[in-house]
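Examination of the molecular architecture
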Amino acid sequence: MTETRQKIRAHVGSNAGVHFNELVRRSDFAPGQIQYHVRRLLEEDRLVREEFYGRTHYYPPEYDEWERAALALFRRETAREIVVYLIEHEQAAPADVADAIGIARSTLEYHLDRLVDHDIVEKRYAERNRVVLELATPEATGRLLTTVTPTVPDRLVDRFSRLVDDLLAGTPDST
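Here's what I pulled together on the structure shown here. (Residues numbered from 1 in each chain as written. Predicted model: local features only at pLDDT ≥ 70, side-chain atom pairs only at ≥ 80, totals over all residues. Heavy atoms only, no water.)

All right, on to the overall build of the protein then. Scanning the protein from N- to C-terminus turns up nine helices and six strands. A total of 175 residues make up the protein; the buried ones form 43% of that total. In the protein, of all internal contacts separated by at least 6 residues, the share reaching a separation of at least 24 is 57%. Put simply, the protein shows about 9600 Å² of open surface, and 48% of that area lies on carbon and sulfur atoms. (Helix = DSSP H or I, 4+ residues; strand = E, 2+ residues; numbered from the N terminus. Buried < 20%, exposed > 50% of the residue type's maximum accessible area, 1.4 Å probe, protein only. Contact = heavy atoms within 4.5 Å. Areas by Shrake-Rupley, 256 points an atom, 1.4 Å probe, with all protein chains shown as cover.)

Structure follows, in structure tokens:
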């Protein structure tokens, strides 16, 4: 394996779920070089490529399907904040989560749909038919959460989405 390929693989190994553009930003290589070497790493089964919600993510092959989806979602600041809140509170009502992290209920539901679809968060009905949120596998979720920090572009996209939601809902920006 070439030195360039080793560097790319090492970067993906320490930043599982990284986007192509982030690979380009964080390396000294041209986008074409990275494309070429990533393609070769994929052919050699040294990397795995997954698409989640319109973005391509790269992972070391040792991550399973659930872990890959979780890592991709944790790169979104809002999804990450929802999960952190649930780690700290074990279970909560959706309104409490939205209020605590300062997002519109529609924004919460957008991210919850994805977190529930990938078995990261469970929605269930408690007494008086009230919805309760809790993590499906708190230990595994906590372990993976510590490996991801959203990038600046990811955070900017989330904050822009929050601003638009707040404007549409007619509430002041809470970030």
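What follows picks up the thread again.
Our focus in this paragraph is the sheet that holds strand β4 (residues 91–92). A sheet is described by the order of its strands in space; here three strands give the open sequence β4-β6-β5, paired in antiparallel fashion. Each edge of the open sheet is held by one strand with a lone partner, namely β4 and β5 (121–125). On top of the sheet, helix α5 (residues 77–89) reaches β4, β5 and β6 (131–135); it is set at about 90° to β6, its chief contact. (Pairing = 2+ DSSP bridges. Axes fitted to C-alpha atoms, helices over the stretch in contact; angles between N-to-C directions.)

Our next topic: the pairing of β5. Here β5 pairs with β6 via five bridges, running antiparallel. Each residue of the ladder has a partner; that of Glu122, found in β6, is Glu134. Hairpin connection from β5 to β6: five residues lie between these consecutive antiparallel strands, with Arg128 at a positive phi of about 55°.

This brings us to the environment of Ile103. Tracing the backbone through its elements, the reader meets Ile103 in the loop between α6 (94–101) and α7 (105–117). The exposure class assigned to Ile103 is buried, which follows from its relative accessible area of 8%. Note: C-alpha distance between Ile103 and Thr78 (25 residues apart in sequence) is 8.5 Å.

The biggest cluster of nonpolar side chains holds 31 residues, and the ones touching the most others in it are Phe74, Ile82, Leu86, Val97, Leu115, Ile120 and Val121. Among the elements of the structure, β2 (48–52), α4 (65–74), α5, α6, α7, β6 and α8 (138–145) are those that each provide at least two residues to this core. Of all the elements, α4 adds the most residues to this core, at six residues. Within the second largest apolar cluster, eleven residues are counted, among which are Ile8, Val12, Phe29 and Leu41. (Core = buried A, V, L, I, M, F, W, Y, C linked by side-chain atoms within 4.5 Å.)

Glancing now at the sheet that holds β2. Pairing in this open sheet of three strands is antiparallel, and the strands run β1-β3-β2 from one edge to the other. The sheet terminates laterally at β1 (18–19) and β2, the two strands that pair on one side only. Of the pairings in the sheet, the one linking β2 to strand β3 (residues 55–59) comprises five bridges and is antiparallel in character. Bridging across to β3, Phe52 finds its partner in Arg55.

Before going further, it helps to spend a moment on the packing of helix α1 (residues 3–14) against helix α3 (residues 31–43). Packing of α1 against α3 leaves a shortest axis separation of 10 Å and a crossing angle of 80°. Comparing their axes, α3 and α1 come out roughly perpendicular. Residue-level contacts link Thr4, Arg5, Ile8 and Arg9 of α1 to Ile34, Tyr36, His37, Val38, Arg40 and Leu41 of α3. Of the residues assigned to the contact of α1 with α3, the class counts are five nonpolar, two polar and three charged. (Parallel < 35°, antiparallel > 145°, perpendicular 65-115°, else oblique. Nonpolar A, V, L, I, M, F, W, Y, C, P; charged D, E, K, R; others polar.)

As a volume, the largest pocket reaches approximately 150 Å³. Along its surface, the largest pocket is lined by 13 residues, and Phe52, Tyr53, Arg55, Ala72 and Arg76 are the ones closest to its centre. Of all the secondary-structure elements, those providing two or more residues to the lining of the largest pocket are β3, α4 and α7. The biggest single contributor to the lining of the largest pocket is α7, with three residues. Looking at side-chain class alone, the lining of the largest pocket contains five nonpolar, three polar and five charged residues. (1 Å grid on protein atoms, 1.4 Å probe; cavity = no way out; pocket = protein on both sides within 12 Å on 5 of 7 lines; lining within 4 Å. Points joined across faces, edges and corners; volume = space filled by probe spheres on them.)

Interpretation note: all reported values are geometric properties and have no functional meaning in isolation.
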